[in-house]
Amino acid sequence: GFRKVVHIEQGGLVKPEKDDTEFQHPFFLRGQEQLLENIKRKVTSVSALKGEEVRVRQDSVARLLADMQAMRGKQDSLDSRLLAMK
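Residues numbered from 1 in each chain as written. Predicted model: local features only at pLDDT ≥ 70, side-chain atom pairs only at ≥ 80, totals over all residues. Heavy atoms only, no water.

*Asks:* Please explain the overall build of the chain as it appears in this structure.
*Replies:* The helix and strand inventory of the chain stands at one helix and two strands. Ordering the α and β elements of the chain from the N terminus gives β-β-α. The burial tally for the chain puts 2% of its 86 residues in the buried class. A total of about 8700 Å² of accessible surface is found on the chain, and carbon and sulfur atoms cover 56% of it. (Helix = DSSP H or I, 4+ residues; strand = E, 2+ residues; numbered from the N terminus. Buried < 20%, exposed > 50% of the residue type's maximum accessible area, 1.4 Å probe, protein only. Areas by Shrake-Rupley, 256 points an atom, 1.4 Å probe, with all protein chains shown as cover.)

In structure tokens:
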């Protein structure tokens, strides 16, 4: 894959004073411009999730939200009862 090459002098932790960033890829060769079209950008997208998985996650979130609201109601009720006992 296409990746940056970090020089040992730079160490990778400190921003270099000058930008000598180098890249490495099997199709990235000097004088071989025709190979550049073979280099593709890595695509990460949400489309990897199927619609059904998204729906299941939405259902889980809705169920979790309902549970949280019920717990909030119980907590409020207990708080008011405790305050009345004081």
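This is not the end of the story, as more comes after the structure.
*Asks:* Honestly, a nonpolar patch on the surface in this entry has me stumped. Any pointers?
*Replies:* On the surface, Phe23, Phe28 and Leu36 cluster together into a nonpolar patch covering about 260 Å² of accessible area. When you line up the elements, Phe28 lands in the loop between strand S2 (22-24) and helix H1 (51-85). Look at Phe28 and you get partly exposed, because its relative accessible area is 39%. (Patch = residues over 30% accessible without salt bridge, like charges linked within 9 Å, V, L, I, M, F, W, Y side chains within 5 Å. Salt bridge = Lys/Arg side-chain N within 4 Å of Asp/Glu carboxyl O.)

*Asks:* What should I look at first to understand the confidence of the model for the chain in this one?
*Replies:* Low pLDDT means the predicted coordinates in that region are not meant to be read closely. Mean pLDDT over the chain: 78, with 65% of residues reaching 70 or higher. The least confident element of the chain is strand S1 (residues 3-5), whose mean pLDDT is 65; the most confident is H1, at 89. (pLDDT = per-residue confidence, 0-100.)

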